[in-house]
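# Notes for the structure review
Listed here are the chains, written in short residue letters.
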Amino acid sequence: MTEMAEQADGERYAAVIHPHLPAVLRVAAALVGTADAEDAAQEALLRGWQAWHTLHSEVALHSWLLRITVNVCLDWQRGRFGTQRRLVEPLDTTTGKHPLASIDADPGDSLHTAVMDLRQALDSLDANSRLVIVLRYYAGMDASEIGEALGIPSATIRTRLRRALGLLRMRLDGSQDVHNSGETGKQPDGVEGMNHEGEIHAH
Amino acid sequence: MPTERPDPADLNHAGDLEGLPTELRSLDRQLTQDGARWSARLPSTERLAQRLAAQLKEQDGAANSRSSQAPASASLASKTSRASGSPLPRASTSDSPGEIFMRQQPRQPRLLNRFLAGAALVALVALFAAFAIYVTVFHGFGVGAHTGNPTTGSNQGTSSSTPFKVKSVDLSVTPSSIAGDACGSSVTFTYTVTFHIPSGTAGGTIHFQYTLNNGRSSTPASVTVSPGQTTKQYTFTSSGTLPFDHTYPSVAEVMVTSPSSVTSSQVKPTGTCH
């Protein structure tokens, strides 16, 4: 009887979270890359299962799962084996291992170039700015969900989003200028991507 | 059952960025489109659901094994609650409509439960003492004979005299070779970790990390071992495209951090794509 009940608990958890799997996988893919996304999502969902008794309202389930996923993925990026590299290295479009690195347009296509410029500019942002943009546009989270996940008021997230968009616009404009002057491949402003990682940790 | 949520990709998040200046609005659209295009290429969640179901089943099995032995009051309370015909364990009796309670919280044990737990413990100790006396009298001190039987994949008894630790860890990968595969093709590697535990332990949780890129990053994970279990397997996968520069797949390794520190051999599929 008890074993059946335990089994039913696991099955029920799997059933309840099933509609949220695409969102969890998407957040994981945006933060740790598509290659590691399933592993990170699985770890997040198992942690969710272990902490399931702390959740009292199904209404909060979606945000709760996303918060766990974001935390697992940020931990993942800070991992023991020198994963600062993952945060400081620029987008590597050849290996496809970096988050958001998979480009689905044909090389040489104008869309491909635009996407590459956009993602390169995104990489050049500071950690906080990049994080909010990645979570909103690539992980598909709204400001409230991002705020809950990071423990920051949603109004602050909106402010950061606006500021991040402004910075990204400047980077893209700078990139455009560099392209026009023929100095392709040079990072605008000499800005290193994700070099303010401590700002995230502070929250 | 919960209602299906709309895919966040379809949400416009209206109100998040109201009053955005014109020059940023086009960037907002560009990012939205790129995000949607990027997310459309993500793998389906079917495999994730299967992996999760397998893990939950495994953890349920381990939890059942533990709860059938441990006379903990929380476990007894849980059993009492479920045996009473409640369809789902409830964390509170004052739940309001629209609010569900997922799982039994550890509760303050009542006096009766404490008594039952104590009685169960005494009975268990008496049973164990009787067994020890029987073995000592009729079979000398050959109780540990089964320690010489390194059979894997089975329980070797549930005596908890042996400290719980990981003796060794094996790692294998399938497919073991990518020779002959075309560069640019997609592949999925399945890594199987086998933990070897001494027989006769009380079980516990193994915490470990695995790396798929020669230590540049690692993934924390854990598995639960039932009492007496001598081997435990854990599977993880890695999917990707075989690059022309042969940087993937890289070296994989498993590092057990608790209860003992053990490292597997390094594993990498042989050969290169062409």
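Here's a quick rundown of the structure.

### Notes on unusual backbone geometry
All names here are of chain B. Threonine 174 connects to proline 175 through a cis peptide bond whose omega is -5°. Residues other than glycine seldom take positive phi values, yet asparagine 214 does so here, at roughly 60°. Residue classification places asparagine 214 among the partly exposed positions, given a relative accessible area of 46%. Unusually for a residue other than glycine, histidine 246 sits at a positive phi of about 60°. Here histidine 246 lies in the loop between strand 5 (231–241) and strand 6 (253–258). Residue classification places histidine 246 among the partly exposed residues on the basis of a relative accessible area of 37%.

### Some thoughts on the packing of aromatic side chains
One pass over the structure, following the stated rule, counts 11 aromatic pairs over all chains. Relative to A:Trp52, the ring of A:Trp49 has its centre 5.6 Å away and its plane inclined at 45°; by these criteria the two rings are tilted. For A:Trp49, a relative accessible area of 3% puts it in the buried group. Aromatic side chains B:Tyr210 and B:Tyr234 sit 6.3 Å apart centroid to centroid with 45° between the ring planes, which places their arrangement in the tilted category. Here B:Tyr234 lies in strand 5 and B:Tyr210 lies in strand 3 (residues 204–211), a separation of 24 residues in the sequence. Pair check on accessibility: B:Tyr210 and B:Tyr234 agree, each one buried.

Rules used in this analysis
- Residues numbered from 1 in each chain as written.
- Chains lettered and ligands numbered in written order.
- Predicted model: local features only at pLDDT ≥ 70, side-chain atom pairs only at ≥ 80, totals over all residues.
- Heavy atoms only, no water.
- Buried < 20%, exposed > 50% of the residue type's maximum accessible area, 1.4 Å probe, protein only.
- Helix = DSSP H or I, 4+ residues; strand = E, 2+ residues; numbered from the N terminus.
- Phe/Tyr/Trp six-rings, centres within 6.5 Å; stacked < 30°, edge-to-face > 60°.

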